[in-house]
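# Examination of the molecular architecture
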Amino acid sequence: MKILNLIRWKNLMMLALVQLLIKYALFEPFLKTTELTITLNGFGFGLLLLSTLCIAAAGNIINDIYDVETDLVNRPSKVIIGKRLSEKTAYTLYIIFNVIGVLLGFYLSNLVGRSGFFAIFVIISALLYVYASYLKRMLLLGNIVISILVGLSLLIVGIFELIPAITAQNQVTQLTFFKILFDYALFAFLINLVREIIKDLEDIDGDYKMGMHTLPIAIGRERTSQVVFFLILLPLFGSIYYVGNYLLNYELFIGYFAVMVVVPLIYISIKSFNAKTKKQYHHISNMLKLVMLFGVLSLLLYPIVLK
């Protein structure tokens, strides 16, 4: 369990669920009814899934290695490295997961005939290391980078499934589905960006002790809470625009987004504006994770209403 907790298995399962939904709820059901063409069979998709999970696991490990001292202040009961697992073992696991993930990415890129795609895995792996060791200490930059990587974890399915299969005949269809995926990736980016700032509010004591330059430390808790309030408006109004512009004729979508995304985001925005304690910030962070999950689960509705 200590290794599972170190790699944050719950977050990895959510990542796997997201990629599975993209493959089997957004793409597969429309292969016969549209001109959509995908590249990966079950084996190829399994390689993509395993590669991204390994690189993400490595990123979680290196993040915990660099966060030991801050975590001893912010969440001492959850510290694994140095207590239940040595730092040397953690580094070994980091290297193993990274090597497996990158090598699988190399093989997969050549399998689909796009060897250049291998660079994506190398860049993601490198950014996760740079984020943990340097960027997360910088004002907003670390928050933005890690949120981009979260969005990329959705887009990478479209990159490998759609782009290699583009032809003159199916180009419009391929790009339409890629745009749908991009909108979901943008939603994930915005929600995660807000959540990263909320986590900075939650961890302000340990971050201040370690000399980090996070937004709450730079401008204070109250102003950061106000920033969070306005940032939440972006996915909130973005979701309303998306449904109103593309899915207005589908009552199931309207009802789902209203209940599972819009209302929770309104609740979160109100809570964030008044939040002051570590417990309140932790609650908001968990709510944002749920909203991201509910947003992605809406992919299950596409084969139902667009059949």
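A few points on the structure. Note that the structure is predicted; figures quoted are calculated from it, not measured. (Residues numbered from 1 in each chain as written. Predicted model: local features only at pLDDT ≥ 70, side-chain atom pairs only at ≥ 80, totals over all residues. Heavy atoms only, no water.)

## Overview of the environment of Lys-78
Locating Lys-78 in the fold gives a position in the loop between helix 4 (68-74) and helix 5 (87-111). We classify Lys-78 as exposed; its relative accessible area is 56%. (Helix = DSSP H or I, 4+ residues; strand = E, 2+ residues; numbered from the N terminus. Buried < 20%, exposed > 50% of the residue type's maximum accessible area, 1.4 Å probe, protein only.)

## What to know about helix 3 (residues 42-66)
For helix 3, spanning 25 residues, the distance from its first C-alpha to its last is 36 Å, which sits close to the expected 36 Å at 1.5 Å a residue. Among the 25 residues of helix 3, 20 are classified as buried, and the element is accordingly described as predominantly covered. (Expected span 1.5 Å × (residues − 1).)

## Regarding the layout of surface pockets
If you add up the space inside the second largest pocket, you get close to 300 Å³. For the lining of the second largest pocket, the secondary structure elements donating two or more residues are helix 8 (171-202) and helix 11 (221-246). In terms of residue class, the lining of the second largest pocket is made up of 10 nonpolar, three polar and two charged. (1 Å grid on protein atoms, 1.4 Å probe; cavity = no way out; pocket = protein on both sides within 12 Å on 5 of 7 lines; lining within 4 Å. Points joined across faces, edges and corners; volume = space filled by probe spheres on them. Nonpolar A, V, L, I, M, F, W, Y, C, P; charged D, E, K, R; others polar.)

## A look at the pattern of salt bridges
On inspection of all chains with the given rule, the structure shows seven salt bridges. Among the ionic pairs, Lys-179 bridges to Asp-183, the shortest N-O distance being 3.4 Å. You can see Lys-179 and its partner Asp-183 sitting in helix 8, four residues apart, about one turn around the helix. Its salt-bridge partner being Arg-221, residue Asp-205 comes within 3.6 Å of it at the nearest N-O pair. Placement of the pair is Asp-205 in helix 9 (residues 204-209) and Arg-221 in helix 11, with a sequence separation of 16 residues. A relative accessible area of 37% places Arg-221 in the partly exposed class. Because the salt bridges share partners, they merge into one network encompassing Lys-23, Glu-28 and Glu-161. (Salt bridge = Lys/Arg side-chain N within 4 Å of Asp/Glu carboxyl O.)

## Description of helix 11
Since the α-helix packs 3.6 residues into each turn, any two residues three or four apart lie on the same face. Here helix 11 contains 26 residues, and its C-alpha end-to-end distance of 38 Å stays within 8% of the 38 Å for a straight helix at 1.5 Å per residue. Taken residue by residue, helix 11 has Thr-224, Ser-225, Val-228, Phe-229, Ile-232, Pro-235, Leu-236, Ser-239, Tyr-242 and Val-243 as its buried positions. Contact partners of the buried residues in helix 11: helix 8, helix 10 (215-219), helix 12 (251-274), helix 13 (278-297) and helix 14 (302-305). (Contact = heavy atoms within 4.5 Å.)

## What to know about unusual backbone geometry
For Arg-8, which is not glycine, the phi dihedral falls at a positive 55 degrees. Along the polypeptide, Arg-8 turns up in the loop between helix 1 (2-6) and helix 2 (9-27). For Arg-8, a relative accessible area of 26% gives the class partly exposed. Unusually for a residue other than glycine, Leu-140 sits at a positive phi of about 65 degrees.

## Focus on the packing of helix 8 against helix 11
Two quantities define a packed helix pair, namely the angle between the helix axes and the distance between the axes. Between helix 8 and helix 11, the least distance of the axes is 10 Å, while the angle of their chain directions is 165 degrees. As far as their axial angle goes, helix 11 and helix 8 are roughly antiparallel. You can see that helix 8 and helix 11 cross each other, and the crossing is left-handed. Of the residues in helix 11, those touching helix 8 at Lys-179, Ile-180, Asp-183, Tyr-184, Phe-187, Leu-190, Ile-191, Val-194, Ile-197, Ile-198 and Leu-201 are Arg-221, Thr-224, Ser-225, Val-228, Leu-231, Ile-232, Leu-234, Pro-235, Ser-239, Tyr-242 and Tyr-246. In the contact of helix 8 with helix 11, the residues fall into 16 nonpolar, three polar and three charged. (Axes fitted to C-alpha atoms, helices over the stretch in contact; angles between N-to-C directions. Parallel < 35°, antiparallel > 145°, perpendicular 65-115°, else oblique. Left-handed = near helix turned anticlockwise from the far one by under 90°.)

## Topic: the nonpolar core
In this structure, Phe-27, Leu-48, Phe-160, Leu-299 and Tyr-302 are the most contacted members of the largest nonpolar core, which totals 73 residues. The residues touching Leu-48, leaving out its near neighbours within four places in the chain, are Gln-19, Leu-40, Leu-108, Phe-121, Ile-156, Val-157 and Phe-160. Listed in part, the 23 residues of the second largest apolar core include Leu-12, Ile-62, Val-68 and Ile-80. (Core = buried A, V, L, I, M, F, W, Y, C linked by side-chain atoms within 4.5 Å.)

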